[in-house]
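Okay, here's what each chain looks like letter by letter:
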Amino acid sequence: MTVAPRLVSTVAAPLDRASADAPQVLYRPGRRVLAQRGDTDVVTLDLDGPGAGQATEVRFPAPWPRGFGTVTVSPDRDVAVFAGVHAVRSVEASGATRWEVRHGCWDGSCPLMHTSFAEYADDRDHFYADDRVGGPVCPARPPHHRTCGPASGGSSS
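The rules behind each value
Residues numbered from 1 in each chain as written. Predicted model: local features only at pLDDT ≥ 70, side-chain atom pairs only at ≥ 80, totals over all residues. Heavy atoms only, no water. Pairing = 2+ DSSP bridges. Helix = DSSP H or I, 4+ residues; strand = E, 2+ residues; numbered from the N terminus. Axes fitted to C-alpha atoms, helices over the stretch in contact; angles between N-to-C directions. Buried < 20%, exposed > 50% of the residue type's maximum accessible area, 1.4 Å probe, protein only. Phe/Tyr/Trp six-rings, centres within 6.5 Å; stacked < 30°, edge-to-face > 60°. Contact = heavy atoms within 4.5 Å. Salt bridge = Lys/Arg side-chain N within 4 Å of Asp/Glu carboxyl O.

1. Quick notes on the sheet that holds strand 6 (residues 80-83)
Next, step 1: Read across the open sheet, the 4 strands follow the order 5-6-7-8; overall the sheet is antiparallel. The open sheet has two edge strands with one neighbour each: strand 5 (70-73) and strand 8 (97-102). Across the sheet, the axes of successive neighbouring strands diverge by a mean angle of 15 degrees, strand direction being ignored.
Next, step 2: As paired elements, strand 5 and strand 6 share 4 bridges and run antiparallel to each other. Looking across to strand 6, one finds that Val-71 is bridged to Phe-82.

Right under this line is the structure:
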């Protein structure tokens, strides 16, 4: 049986292509969310709720610039989780940090535990550090990321 593809709907991207990544549709249980990462924030649209794709925009301020890590959004769009070069941070739409877990730097040659993006913002070696890892993908699967150093209780040899 052959099934021909057909357009079923369109939604305008909330951010300009010049200052944002391509929009992504995140599939959540019972809900689809459009998310687009800009230079300073992530904008989401609920594609399945009342007024879908219209006045349902929620913005999350980003803790570091676009290009440094990945981001995903909770099914209810109450929090965005940013996986970055030095930390994984949960941010509310208000900008408040709900939680943060710092980790070893993703630049393999850097032995530091950074406390902020400002520490390496101008260091060219950190520009491509996150190309070797993945961030949280969806709530059904645990985040996959690399940690630096031995696992707790393990030895370094």
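Now that the structure has been shown, the text picks up again.
2. Comments concerning the pairing of strand 6
Along a regular strand, successive side chains alternate from one face of the sheet to the other.
Next, step 1: Going residue by residue along strand 6, you find Ala-80 and Phe-82 tucked away on one face and Val-81 and Ala-83 tucked away on the opposite face as well.
Next, step 2: Of the pairings in the sheet, the one linking strand 6 to strand 7 (residues 87-91) comprises 4 bridges and is antiparallel in character. By the bridge assignment, Val-81 is partnered in strand 7 with Ser-90.
Next, step 3: What sits between the antiparallel neighbours strand 6 and strand 7 is a turn of 3 residues.

3. Examining the pairing of strand 3 (residues 41-46)
Next, step 1: The buried fraction of strand 3 is high, at 6 of 6 residues.
Next, step 2: As defined by bridge partners, strand 2 (residues 31-37) adjoins strand 3 across 5 bridges and the pair is classed as antiparallel. Note that in strand 3 the partner of Arg-37 across the bridge is Val-42.
Next, step 3: Sheet analysis places strand 3 next to strand 4 (residues 58-61), joined by 4 bridges and oriented antiparallel.

4. Points about the packing of aromatic side chains
Next, step 1: Overall, the coordinates contain 1 aromatic pair when judged by the stated rule.
Next, step 2: Their ring planes at 80 degrees and their centres at 6.5 Å tell us that Trp-64 and Phe-82 sit as a pair that is edge-to-face. Here the residue Trp-64 occupies a position in the loop between strand 4 and strand 5, and Phe-82 occupies one in strand 6, the gap between them amounting to 18 residues.
Next, step 3: We classify Phe-82 as buried; its relative accessible area is 0%.

5. Quick word on the sheet that holds strand 1 (residues 24-28)
Next, step 1: As summarised here, the arrangement of the 4 strands in space is 1-2-3-4, forming an open sheet in which the pairing is antiparallel. This sheet does not close on itself; its edge strands, each paired only once, are strand 1 and strand 4. Each strand of the sheet is rotated relative to its neighbour by a mean of 25 degrees, with strand direction disregarded.

6. With respect to the environment of Arg-31
Next, step 1: Looking at where Arg-31 falls in the secondary structure, it is placed in strand 2.
Next, step 2: When its relative accessible area of 25% is taken as the criterion, Arg-31 is described as partly exposed.
Next, step 3: Each C-alpha atom of the pair Arg-31 and Gly-49 lies 7.8 Å from the other, and the pair is 18 residues apart in sequence.
Next, step 4: In contact with Arg-31, other than residues within four places in its own chain, are Leu-26, Asp-46, Asp-48, Pro-75 and Asp-76.

7. Looking at the pattern of salt bridges
Next, step 1: Inspection of the entire model under this criterion finds 10 salt bridges.
Next, step 2: Salt-bridge contacts for Arg-59 lead to Glu-57; the nearest nitrogen and oxygen are separated by 2.9 Å.
Next, step 3: In this structure Arg-59 comes out as partly exposed when scored by relative accessible area, which is 35%.
Next, step 4: Each of Asp-21, Asp-39 and Arg-66 takes part in one network of salt bridges that share partners.

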